[in-house]
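The chain contents come next:
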Amino acid sequence: MNKMRTVYRPVISRVGWPMPKTYCAFPFTHQYVHMSGSVRLCCATMENATDKRGNRIHMNNDSLQKTWNSDYMKQARLKMKNGEVLEACTKCVDQEARGYKSMRNPSNKEENLEKVNADGSMEVMPHSMELHFGNVCNLKCKMCSQDYSNQIGKEILQIGKKDKDFLDWVYKQSGNVNNWTNNLSVEYTWFQNEKTKSRLIEYVSKHITELTVIGGEPTVIPEFYELLDYCYKNNTLKDKVITIVTNLTNTNPKMTQWLPKMKSWTIWASLDGIGDTTEYIRYPSNFNKVAENLTYYKKLLTEHGNGKITFSPAVQLLNIHQLDEMLKWFIDFSDGAWGDTFNISWMAQVWYPRICNYDTAPREYRLMVADKLEKSVEYFKKYDRISLFYNAQIKNLRADQLDRFTEVNLQKMFIRYNDTQDKHRKSNTWRVLLPYLEETLTNSIK
């Protein structure tokens, strides 16, 4: 039996007026391929598309063509057409009910609904896709999880061989110290299946014109390069707008062939600081190599004019002290082209794992950082997008979000997790990197 359910509830704005925003363009134009090989409506839902028997649709078993007009997708479209709210859309519904912007795409409603047949099927194939090439990665970022990097779980299990208490504690504190620890050894390599890979590459080349590629880390995955090369050889890159989400530790010389042939491209640069800061957070990255690869892309967009670079820092306890310097570095790197070919994402504050959230820091430390950042408020005023998010971070730093009991517990977890990990890595430590944080944490937990 199909598992798609309908939630009947009004969406209320902050001023109390009903907002029946049940429509979203994604089921009519977009496909989302999860790291695991499952297919979903979009990145905002945790619900997998299922077949008639309730089994999840998977890339190794089901074609994207059939998935597009599966019973699951047909029901989603018909329910949206009838003004019903899908349970898969709960996250966006809740965000909008609280007055926040969601990931819901309200574009082309009438046009898309007109294309839907009586049974919910569509003759027109999707043109947009977010494609996750598994969780194969080369880094072990502090705020990431094994769902996105196969290296993170491996490291925790290695530590656990010598320190079973630590491993048991990590499992118990899932969400606080590490995300989704139910399977630390999980490795998604569905795209390495030859039949699946060939089918996917041909499908993207033929149908998809707006493509976002994520991993894992796409630039260490050969199949990602095979996809680009196939589209290049079949002359379909010219129709494509491609976004590559990358940690910038690697690239490919053939990008000089592929990128200029695209309609447009964006490098979504996952960079969380300058020098030692980003190297510690995104272990074992090398900042100089990252800057070198950024310069490589910068040269390509300057020469060909069809590219952009979007900086996407994950704002957290380990880099909030450097937010002002990091943003100024981004702006300087743009050589006067900020807001045109260079920009920044929404500067998301890391919520999970909770020890990475700067709400966890002692008040004394947060206020010190807020005072430091305040000195650059005037500097960023001319950069509207930066100023909006920058000022929000300062406001958040000055607010006490946690009760004292929770705060101290999370601070102790932060110390234990990072001390153990640093000892295992035999590299730079948070204590050396952030001595004032060490001092205030030590005083806080006494």
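The preceding data block contains the structure.
What this report covers is the structure whose coordinates are included nearby. A quick note: this is a predicted structure, and the numbers were derived from the prediction, not measured.

### Side note on the nonpolar core
Counting residues in hydrophobic clusters, the biggest one holds 129 residues, and the most contacted among them are Met255, Phe311 and Tyr390. Discounting residues that sit within four places of it in the chain, Tyr390 has contacts with Leu323, Asp324, Leu327, Met347, Leu373, Glu374, Ser376, Val377 and Phe380.

### Concerning the packing of helix 14 (residues 363-374) against helix 19 (residues 435-444)
For the pair helix 14 and helix 19, interaxial distance at closest approach is 8 Å and the crossing angle is 150°. Comparing the axis directions of helix 14 and helix 19 gives the class roughly antiparallel. When helix 14 is examined against helix 19, the residues Glu364, Tyr365 and Met368 are found in contact with a partner set consisting of Tyr436, Leu437 and Thr440. Counted by class, the contact of helix 14 with helix 19 contains four nonpolar, one polar and one charged residues.

### Considering the packing of helix 6 (residues 150-162) against helix 7 (residues 164-172)
In the contact formed by helix 6 and helix 7, the axes pass within 6 Å of each other and the chain directions differ by 135°. The orientation of helix 6 relative to helix 7 falls into the category oblique. For the pair helix 6 and helix 7, the contacting residues are Ile156, Leu157, Ile159, Gly160 and Lys162 in the first and Lys164, Phe166, Leu167, Val170 and Tyr171 in the second. Split into classes, the residues belonging to the contact of helix 6 with helix 7 amount to seven nonpolar, one polar and two charged.

### Brief notes about a nonpolar patch on the surface
On the surface, Met46, Tyr148 and Trp180 cluster together into a nonpolar patch covering about 350 Å² of accessible area. Positionally, Met46 belongs in the loop between strand 3 (39-40) and helix 2 (64-68).

### Some details on the packing of aromatic side chains
The full count for this structure, using the stated rule, is 22 aromatic pairs. Plain terms: the ring middles of Trp265 and Tyr297 are 6.3 Å apart, the flat faces sit at 50° to each other, and that makes the pair tilted. One end of the pair, Trp265, is in strand 8 (residues 264-269); the other, Tyr297, is in helix 12 (residues 287-304), with 32 residues separating them in the sequence. Here Trp265 and Tyr297 have matching classes, each one buried. Taken together, a centroid distance of 6.2 Å and an interplanar angle of 10° make the contact between Phe311 and Trp338 stacked. Taken together, the positions of Phe311 in strand 9 (residues 307-311) and Trp338 in the loop between helix 13 (323-333) and strand 10 (342-344) put the pair 27 residues apart, joining distant regions of the chain. The class of Phe311 is buried, set by a relative accessible area of 0%. Sitting over the face of the ring of Phe333, Lys298 holds its NZ or CZ atom 4.4 Å from the ring centroid. The ring of Tyr379 carries the charged tip of Lys328 above its face, separated from the ring centre by 5.0 Å.

Parameters and conventions
Residues numbered from 1 in each chain as written. Predicted model: local features only at pLDDT ≥ 70, side-chain atom pairs only at ≥ 80, totals over all residues. Heavy atoms only, no water. Core = buried A, V, L, I, M, F, W, Y, C linked by side-chain atoms within 4.5 Å. Buried < 20%, exposed > 50% of the residue type's maximum accessible area, 1.4 Å probe, protein only. Contact = heavy atoms within 4.5 Å. Axes fitted to C-alpha atoms, helices over the stretch in contact; angles between N-to-C directions. Helix = DSSP H or I, 4+ residues; strand = E, 2+ residues; numbered from the N terminus. Parallel < 35°, antiparallel > 145°, perpendicular 65-115°, else oblique. Nonpolar A, V, L, I, M, F, W, Y, C, P; charged D, E, K, R; others polar. Patch = residues over 30% accessible without salt bridge, like charges linked within 9 Å, V, L, I, M, F, W, Y side chains within 5 Å. Areas by Shrake-Rupley, 256 points an atom, 1.4 Å probe, with all protein chains shown as cover. Salt bridge = Lys/Arg side-chain N within 4 Å of Asp/Glu carboxyl O. Phe/Tyr/Trp six-rings, centres within 6.5 Å; stacked < 30°, edge-to-face > 60°. Lys NZ or Arg CZ within 6 Å of the ring centre and 35° of its normal.

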